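# Structural overview
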Amino acid sequence: MSRNYYKSIATDKRSLASAIEKNYKDQEDFVSSVFLGLKVCFTLLAMVSLIKIGYSSKIRLTRLREIKDSYLYEKSRFDVLSRRFDDLISFEGEQRFMKDQEQMISRDIIRVIWR
């Protein structure tokens, strides 16, 4: 009887050990699948964030290009007006100004120049 008793205890120990090992393996698989799910979620989050950053950067660059073009246009207008003003103040600038104005005054109108 004692022999069967020890045999059943050994069998119980083996079955208990295999049950513990199976439980450990199941826990390990669960934790691995949870971490895999987290990795997939973080990868998707990173990809969406990169797409958003790329789109907002594209919009920002477009706006900066528009501002640059507007600035260059206004700067060229300022340069032209500044040059014309300097010509007006320079020697005989008044006469050059009056010559430039001829195009604006039609031929049948009398022009009076005060001196």
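Per chain, the residues get numbers from 1 upward, laid out in the order the sequence is written. Per-residue local features are limited, in this predicted model, to residues with pLDDT of at least 70; the limit for side-chain atom pairs, both in listing and counting, is 80 or more; totals at the level of whole chains, interfaces and linings are taken over all residues. To get the side-chain values, take all heavy atoms of the structure and skip hydrogens and water.

Segments assigned H or I by DSSP are reported as helices when at least four residues long, segments assigned E as strands when at least two residues long, and all are numbered from the N terminus. Helix and strand counts for the chain come out as 2 helices and 0 strands. Counting the 115 residues in the chain, one finds 2% classified as buried. When the accessible surface of the chain is summed, it comes to about 11,600 Å², and 63% of that surface belongs to carbon and sulfur atoms. Note on exposure labels: buried denotes an accessible area under 20% of the residue type's maximum, exposed denotes more than 50%, and partly exposed covers the range between, all computed with a 1.4 Å probe on protein chains only. Using a 1.4 Å probe, accessible areas were evaluated by the Shrake-Rupley method; residue-level cover was limited to the displayed protein chains.

Looking now at the UniProt feature "transmembrane region" (unreviewed entry) in the chain. UniProt positions are given in the numbering used here, feature names are shortened, and annotations may be inferred rather than shown by experiment. The UniProt entry lists residues 34–55 under the feature "transmembrane region" (unreviewed entry), expressed in the numbering used here. Structurally, residues 34–55 comprises 100% helix and 0% strand, and the distance from its first C-alpha atom to its last is 32 Å.

The next point concerns the pattern of salt bridges. Think of a salt bridge as a Lys or Arg side-chain nitrogen and an Asp or Glu carboxyl oxygen that are within 4 Å of each other. Counted by the stated rule, this structure contains 1 salt bridge. In this structure, Arg77 engages Glu74 in a salt bridge whose closest nitrogen and oxygen atoms are separated by 3.6 Å. Here Arg77 and its partner Glu74 are both found in helix 1 (residues 2–89), 3 residues apart, which amounts to about one turn of the helix. Residue classification places Arg77 among the partly exposed positions, given a relative accessible area of 41%.

A cluster of nonpolar residues, Phe30, Val31, Val34, Phe35, Leu38, Phe42 and Leu45, forms a patch on the protein surface that exposes about 700 Å² of accessible area. Following the sequence through the fold, Phe30 ends up in helix 1. A relative accessible area of 56% means that Phe30 is categorised as exposed. Patch membership is restricted to residues that have no salt bridge and whose relative accessible area is over 30%. Joining uses 9 Å for like charges and 5 Å for the nonpolar side chains Val, Leu, Ile, Met, Phe, Trp and Tyr.

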